[in-house]
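One letter stands for each residue in the lines below.
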Amino acid sequence: MNREIYMERLKHRLKRLPREDYDRAVAYFTEYFEEAGPEQEAQAIEDLGSPELAADQIIRDFAVENAAEPAKGVRRSFSALWIGILAIFAAPVALPLALAFGIVILSMVLVVVSLLASLFLVAVSLAVSALPCILVGVWLMFTAFADGLATAGLGLVLLGCGILFTMLSSLLGKWCLRGMTYLFGTIVKGGRRYEK
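Residues numbered from 1 in each chain as written. Predicted model: local features only at pLDDT ≥ 70, side-chain atom pairs only at ≥ 80, totals over all residues. Heavy atoms only, no water.

**Some thoughts on the overall build of the chain**
Definition in use: For helices the rule is a DSSP run of H or I covering at least 4 residues; for strands it is a run of E covering at least 2, with both sets numbered from the N terminus onward. When checking whether two residues touch, look at their non-hydrogen atoms; a contact exists if any pair is within 4.5 Å.
When helices and strands are counted, the chain shows 6 helices and 0 strands. Helices (α) and strands (β) of the chain occur, in sequence order from the N terminus, as α-α-α-α-α-α. By sequence separation, contacts in the chain at least 24 residues apart represent 70% of the contacts at least 6 residues apart.

What follows is the structure, given as structure tokens:
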């Protein structure tokens, strides 16, 4: 998608706005693309999001703005009513998408945290379960030396593996949490949005 197609789709979605609000929104997006320049056009489109969602956000913003202002005349109150109706019809599209996106992100976080917690618990339980094996091995050395030595050695190997896996799982957990923090920070920034 290039600038012309983006502006065409945006204008189509905004054509029901009152003329002054329409002109103000189109002027903002035109200025935004001019500031970005032709070499940054693709990045500007990515920052702004889809023209449909941007238009829905503008309609909602103007509806809130017009609802806060007292009506100056019949025409202005009709425009405010019309924008309110458009905002109501835009909300069923944007709100479920935002809710679904939030649920997917939350599910992803819960799955990652659950996997990391289970990996850590398995590593800790491996280290803890090695302790009885060592104790039994030492006790067996007094009755059957070879069996006791093998059991104690196995316990020491399990203890070493458990400690190693515990350290590795905690490092993996820190790395994953840093990565998720960076990802969510990038999502929250989301680029420059429409400003009045």
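**Observations concerning helix H3 (residues 41–48)**
Structural remark: α-helix, 3.6 residues per turn; residues separated by three or four positions point the same way. Heads up, the rule is: When accessible area is computed with a 1.4 Å probe and restricted to protein chains, residues below 20% of their type maximum are described as buried, those above 50% as exposed, and intermediate ones as partly exposed. In this context, the arc is that of the directions from the helix axis out to the C-beta atoms.
All of the buried residues in H3 are Glu41, Ala44, Ile45, Asp47 and Leu48. For H3, the arc enclosing every buried residue in end-on projection is 160°, short of the 170-degree limit, so these residues lie on one face. H3 presents Ala42 and Glu46 as exposed residues on the side facing more than 90 degrees away from its buried surface. Downstream of H3 by one or two residues, glycine 49 has phi in the positive range, about 85°.

**Things to note about the confidence of the model for the chain**
Defined as follows: You can read pLDDT as the predictor saying how much it trusts each residue, on a scale of 0 to 100.
For the chain, the average pLDDT comes to 80, and 79% of its residues sit at 70 or higher. Averaged pLDDT values for the elements of the chain fall to 75 in helix H4 (residues 51–68) and rise to 88 in helix H6 (residues 145–189). Scored below 50 in pLDDT, residues 191–196 makes 19 contacts in the model with residues more than four places away or belonging to other chains.

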